[in-house]
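# Close look at the chain arrangement
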Amino acid sequence: MAQLQLAKSLQFYKNLFSTCETVLSLFVMSRSLGSPVELPSILPQLSNMMRKKITQNDFLKMVSLWPECYNMKSNSRGELTISLPTRNVLGALVNKSRRCLLYTSDAADDGESV
């Protein structure tokens, strides 16, 4: 029973990560400056796409599972800002996607075969 609940929670956070990737990528494309996005400004979009209320705590739990997935800072108003991590351009061209990289690297760290 506990393993089933753990698997369900992990699937939720994987779906949240995938949705965050989509929302943040759209923000990066729509803003020419590439400035970080405030977390409260994307929570409604995340909630709509996930069809479930997403809170700041949900996001922070996801980041605690995958600490390198986003760059997080606090702005002058004390709100969390999120940006995609800087990545090697050549690595981005060679690899299929960041999602695949994170999932396979986490699975390799856990000792699972990919």
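You'll find the structure just up there.
To keep things clear, this report deals only with the structure shown in the data block. (Residues numbered from 1 in each chain as written. Predicted model: local features only at pLDDT ≥ 70, side-chain atom pairs only at ≥ 80, totals over all residues. Heavy atoms only, no water.)

Moving on to helix H1 (residues 2-30). Here H1 contains 29 residues, and its C-alpha end-to-end distance of 42 Å stays within 8% of the 42 Å for a straight helix at 1.5 Å per residue. Every buried residue of H1 is accounted for by Phe12, Tyr13, Leu16, Phe17, Thr19, Cys20, Glu21, Val23, Leu24 and Phe27. (Helix = DSSP H or I, 4+ residues; strand = E, 2+ residues; numbered from the N terminus. Expected span 1.5 Å × (residues − 1). Buried < 20%, exposed > 50% of the residue type's maximum accessible area, 1.4 Å probe, protein only.)

To continue, consider the packing of H1 against helix H3 (residues 56-65). Where H1 meets H3, the axes come as close as 10 Å, and the angle between the chain directions of the two elements is 100°. The angle between H1 and H3 places the two elements in the roughly perpendicular class. On H3, the residues that touch Leu10, Phe12, Tyr13, Leu16, Phe17 and Cys20 of H1 are Asp58, Phe59, Lys61, Met62 and Leu65. Split into classes, the residues belonging to the contact of H1 with H3 amount to nine nonpolar, no polar and two charged. (Axes fitted to C-alpha atoms, helices over the stretch in contact; angles between N-to-C directions. Parallel < 35°, antiparallel > 145°, perpendicular 65-115°, else oblique. Contact = heavy atoms within 4.5 Å. Nonpolar A, V, L, I, M, F, W, Y, C, P; charged D, E, K, R; others polar.)

Before going further, it helps to spend a moment on the pairing of strand E3 (residues 80-83). Examined bridge by bridge, strand E1 (residues 37-38) and E3 share two bridges and lie antiparallel to one another. Within E3, the position partnered with Val37 by the bridge is Ile82. Both strand E2 (residues 71-74) and E3 contribute to a ladder of four bridges, which runs antiparallel. The residue bridging Met72 from the neighbouring strand is Ile82, located in E3. Hairpin connection, E2 to E3: the antiparallel pair is bridged by five residues, and Gly78 has positive phi, about 85°. (Pairing = 2+ DSSP bridges.)

This paragraph deals with H3. Within an α-helix, residues lying three or four positions from one another point in the same direction, as the helix has 3.6 residues per turn. Taken together, the buried positions of H3 are occupied by Asp58, Phe59, Met62 and Val63. The buried residues of H3 all sit within an arc of 135° when viewed along its axis, so they share a single face. Across H3 from its buried face, at more than 90 degrees, point the exposed residues Asn57 and Ser64. On its buried face, H3 is in contact with H1, helix H2 (39-50), E2 and E3. (Arc of directions from axis to C-beta.)

Moving on, we get to the environment of Lys14. Note on placement: Lys14 falls in helix H1. Judged by relative accessible area, which is 28%, Lys14 ranks as partly exposed. Separated by 51 residues in the primary sequence, Lys14 and Leu65 have C-alpha atoms spaced 9.9 Å apart.

Interpretation note: all reported values are geometric properties and have no functional meaning in isolation.
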